[in-house]
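Listed below are the residues making up each chain.
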Amino acid sequence: MADTERKVVRWEKRTVAVEEIVQVEGELSFGSEIAPIEQVVATNFYVKDLAVEADEGGARIRGRVLPEILVKTLLDEESPATTPYSVAPMTEGLAFERWFDLPALPANAHVTAKCTVYKSFAERELHHSVKVQVELLTSVMINETQEREVITDVHPVTTTDINVARDVFRTEENLGNYTAETSIQATLDLPYLKSPIARVLWAQAFPSQVRWEVDNGHVRIEGALVVNATYVTSDDQGAEGLPDMAEWGRGSSAAPLHWQVDLDIPKTASSVQLWPTIRCEDIHVENNSNESIRFQAAIKVEMNPTIRWEGDAVVDLASVDTLLDLKKQTIRVDDVIADQISTVNLEKILEMPVGKPDIGRIVGYRISVPRVKGDCIPGKVLVEGNTGLQVIYAASDEERFPGLYTASWEGSSSVEWGETIELAAVDEGMKVDLSGKLQDAIVEVADGKKVRFVQEVNIRCHAVDPRDITIINDWALVPQDIAEGRPSMIFYLTQPGDSYWTIARRYQTTMEALARGNHLALDEPLPMGKRLLIPKSVK
């Protein structure tokens, strides 16, 4: 006989079933809450309340697109403002719904979705309404939980000599979805040499310097924020001037923008893999004085931690003096080769779009989440990416071109870049899942016709080698002299729940002998209600 070591291994197989652009359009009305709109200067859209409902034949995706819109208004004599720029009041946004056809879902599968703003456009419709068109890059994923019991080793405890063949088996078990939230409040003093504040128009923020640590089931994630605020300046007499931008979160100004969240996750060990998604939402800014602003925002963290298991799986057994019956199964696995996070620094000099006035001062910008894809070659991953950028600026010749303008590099005109990441374990033909997150950015004027765009991007390379592995689910010793005393003709009528394995164990034969003696194939289902001849000999 022999002792058998077993382990239940779980992993999640994720397949991107659909990736499409979803068009969301409509009209946003603001009523008398705002002065008559003359021009839409800039926009910022984000997705909220995303929900997925899987049904027979597909999935329904619902959500809302929330807008932040900077407009130029028509001022009247009674208006306290003397600069015609303001942010339109927040609305409930635009609801969207889309049905996606999907293949039949396995019983242990669930559907998830991700939506990011790919491109947006807005223009004045009437004096108190704006026409909006937003393109959402939508990915629908099928997540199938796999579970197998594998034999990891066999130890003979008798004189029986068994040769064991093993293969390396690597998987990642998904520990579930975890979320956490914290808030950050700070009074931010204007950087040196910046003009005083009359009123703040809007602000953007993104996480930076993100890091995390895992300790005995406890996860701590922390970082800072980079904040840029567009505001109307004030002169010495308090009169409103031209808009400008102030930025915080770099160097000595980073300290008040620190944030931290803590989570407890069962089963968490030092081998846990994290790739948290961090969003800065519900941003609120207001004047604290003409030299500072009050900033408030919610930091929302979402993650799906995984634990990697790597061990040997028994794939074959053999014995010289004993007959073995082996129950085998071939499964498709994504053999996890590498999971690495790399930081790349990218710099681009961007030509101003055709027809736009030369740029003088940047008074605001918005950066979209980098999109990345890539291929494996021996020892390296070739990464291709693109990042969306929208810049609000004042023209260099403000007398000829007064007011604010927007230059956009979005959608098919996004900023394209490439990078090579060293990853020794990968080889050609392997599959690599890539995702990118902005860690830091600098947007500044290069000259009147160009913008310098520097971005620091964290890229996760999750490389797998899809392959078939044949594992042994179970095995048995079969006495070779069992035929002695057995009647020459034994028949068995198959019943529901029977298998080649259970019948072979009952009559101490092998599955191969059972199939061969009845002209059946082991890779085909066992017919129910069939009269089987139990073989007299297993040779």
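Residues numbered from 1 in each chain as written. Predicted model: local features only at pLDDT ≥ 70, side-chain atom pairs only at ≥ 80, totals over all residues. Heavy atoms only, no water.

> Provide a residue-level description of the overall build of the protein chain, including the pertinent values.
A tally of regular secondary structure across the protein chain gives two helices and 28 strands. Seen through its C-alpha atoms, the protein chain measures out along the principal axes to roughly 115 × 45 × 40 Å. Expressed as a percentage of its 539 residues, the buried residues of the protein chain come to 47%. Taking the contacts inside the protein chain whose residues are at least 6 apart along the sequence as the reference set, 78% of them involve residues at least 24 apart. If the 54 positive side-chain charges of the protein chain are averaged to one point and the 84 negative ones to another, these points end up 6 Å apart. (Helix = DSSP H or I, 4+ residues; strand = E, 2+ residues; numbered from the N terminus. Buried < 20%, exposed > 50% of the residue type's maximum accessible area, 1.4 Å probe, protein only. Contact = heavy atoms within 4.5 Å. Lys, Arg positive; Asp, Glu negative; His and termini not counted. Charge placed at Lys NZ, Arg CZ, Asp CG, Glu CD.)

> Outline the environment of Pro525, listing residues and values.
Within the fold, Pro525 resides in the loop between α2 (511-517) and β28 (531-534). Relative accessible area serves as the criterion here: at 73%, Pro525 is assigned to the exposed category.

> Kindly report on the pattern of salt bridges, identifying the contributing residues and their values.
For the structure shown, the criterion picks out 36 salt bridges. A salt bridge links Glu310 to Arg170; the shortest N-O distance between them is 3.8 Å. Of this pair, Glu310 sits in strand β17 (residues 306-319) while Arg170 sits in strand β8 (residues 162-174); the two residues are 140 residues apart in sequence, bridging distant segments of the chain. With a shortest N-O distance of 3.8 Å, Arg516 and Glu512 are connected by a salt bridge. Here Arg516 pairs with Glu512, and both are found in helix α2, just four residues apart, close to one helical turn. Taken together, the salt bridges that share partners define one network made up of Lys48, Arg279, Glu281, Asp282, Lys300 and Glu302. (Salt bridge = Lys/Arg side-chain N within 4 Å of Asp/Glu carboxyl O.)

> Before we move on, could you go through the side chain of Asn44 and cite the residues and values that matter?
With respect to the helices and strands, the residue Asn44 is situated in strand β2 (residues 37-55). Side chain to side chain, Asn44 and Arg366 meet in a polar contact 3.5 Å long. Excluding residues that lie within four positions of it along the chain, Asn44 makes contacts with Leu66, Pro67, Glu68, Trp202, Gln204 and Arg366. (Polar contact = N/O pair within 3.5 Å; in protein donor to acceptor, adjacent residues only side chain to side chain.)

> Could you give an account of the sheet that holds strand β24 (residues 415-422), naming the residues involved and the relevant values?
Taken in spatial order, the three strands make up an open sheet running β20-β21-β24, and their pairing is antiparallel. In this open sheet, the two edge strands, each paired with only one partner strand, are β20 (371-377) and β24. On average, adjacent strands in this sheet sit at an angle of 20 degrees to one another, irrespective of strand direction. Pairing geometry for strand β21 (residues 380-387) and β24, over eight bridges, is antiparallel. The partner of Val383 across the bridge, within β24, is Glu419. (Pairing = 2+ DSSP bridges. Axes fitted to C-alpha atoms, helices over the stretch in contact; angles between N-to-C directions.)

> Can you break down the packing of aromatic side chains residue by residue, with the values?
Per the stated rule, a full pass over the model turns up two aromatic pairs. Aromatic side chains Tyr393 and Tyr405 sit 6.0 Å apart centroid to centroid with 35 degrees between the ring planes, which places their arrangement in the tilted category. Highlighted residues: Tyr393 in strand β22 (residues 389-395) and Tyr405 in strand β23 (residues 404-409), separated in sequence by 12 residues. Take Tyr393 and Tyr405: they sit in the same class, and that class is buried. Centre to centre, the rings of Tyr492 and Tyr507 are 6.1 Å apart; their planes meet at 65 degrees, and the pair counts as edge-to-face. Of this pair, Tyr492 sits in strand β27 (residues 490-493) while Tyr507 sits in the loop between α1 (500-506) and α2, and the two are 15 residues apart along the sequence. Note that Arg505 overlies the ring of Trp501, its terminal NZ or CZ placed 4.3 Å from the centroid. Positioned above the aromatic ring of Phe491, the side-chain terminus of Arg531 is 3.8 Å from the ring centre. (Phe/Tyr/Trp six-rings, centres within 6.5 Å; stacked < 30°, edge-to-face > 60°. Lys NZ or Arg CZ within 6 Å of the ring centre and 35° of its normal.)

> Lay out the nonpolar core in plain terms, naming residues and giving numbers.
Counting residues in hydrophobic clusters, the biggest one holds 41 residues, and the most contacted among them are Val381, Leu389, Val391, Trp409, Val443 and Ile459. In terms of residue count, strand β26 (residues 450-478) provides more of this core than any other element does, six residues in total. Once residues lying within four places of it in the same chain are set aside, the contact partners of Val381 are Asp375, Cys376, Glu419, Thr420, Ile421, Leu423, Val426, Val432, Leu434 and Cys461. (Core = buried A, V, L, I, M, F, W, Y, C linked by side-chain atoms within 4.5 Å.)

> Go over the sheet that holds strand β18 (residues 323-351), please, and point to the residues and values.
The strand order across the open sheet built from three strands is β18-β26-β25, with neighbouring strands paired in antiparallel fashion. Among the strands making up the open sheet, the edge pair consists of β18 and β25 (431-447). For this sheet the average axis-to-axis angle between neighbouring strands, irrespective of direction, equals 5 degrees.

> An account of the environment of Pro191 is needed here, citing residue identities and associated values.
Of note, Pro191 is situated in the loop between β9 (178-189) and β10 (197-215). When the C-alpha atoms of Pro191 and Leu532 are compared, they prove to be 87 Å apart, with 341 residues separating the residues in sequence. Once residues lying within four places of it in the same chain are set aside, the contact partners of Pro191 are Ala246, Glu247 and Trp248.

> Can you break down unusual backbone geometry residue by residue, with the values?
For Asp49, which is not a glycine, the phi torsion comes out positive at approximately 55 degrees. Here Asp49 shows up in strand β2. Residue class for Asp49 comes out partly exposed when judged on its relative accessible area of 48%. The phi angle at Leu193 is positive, at roughly 75 degrees, despite the residue not being glycine. Looking at the element boundaries, Leu193 is found in the loop between β9 and β10.

> Requested: an account of the confidence of the model for the protein chain, with residues and values cited.
Across the protein chain, the average pLDDT comes to 86, with 93% of residues at 70 or higher. The least confident element of the protein chain, judged by mean pLDDT, is strand β14 (residues 272-273) at 82; the most confident is β24 at 95. (pLDDT = per-residue confidence, 0-100.)

> Please set out the side chain of Glu222 residue by residue, giving values where relevant.
Topologically, Glu222 is positioned in strand β11 (residues 218-234). Here His258 takes part through its side chain, which lies 2.9 Å from a polar atom of the side chain of Glu222. With residues up to four places along the chain from it excluded, the contact list for Glu222 reads Gln209, Val210, Arg211, His258, Trp259 and Gln260.

> Quick one: what's the story with the pairing of strand β13 (residues 259-264), residue by residue and with numbers?
Side-chain alternation along β13 places Trp259, Val261 and Leu263 on a buried face and Gln260, Asp262 and Asp264 on a face that remains uncovered. As paired strands, β11 and β13 are joined by six bridges and run antiparallel to one another. Considered in β13, the bridge of Gly223 is made with Trp259.

> How would you summarise the environment of Asp161 if you had to cite specific residues and measurements?
By the secondary structure assignment, Asp161 is in the loop between β7 (129-156) and β8. Those residues in contact with Asp161, other than ones at most four positions away along the chain, are Ala318, Ser319, Val320 and Asp321.

> Which residues make up the state of the cysteines, and what values go with them?
Counted according to the given criterion, the structure contains zero disulfides. Among the cysteines around Cys461, which has no disulfide bond, Cys376 carries the closest sulfur, lying 8.1 Å off. (Disulfide = S-S within 2.5 Å.)

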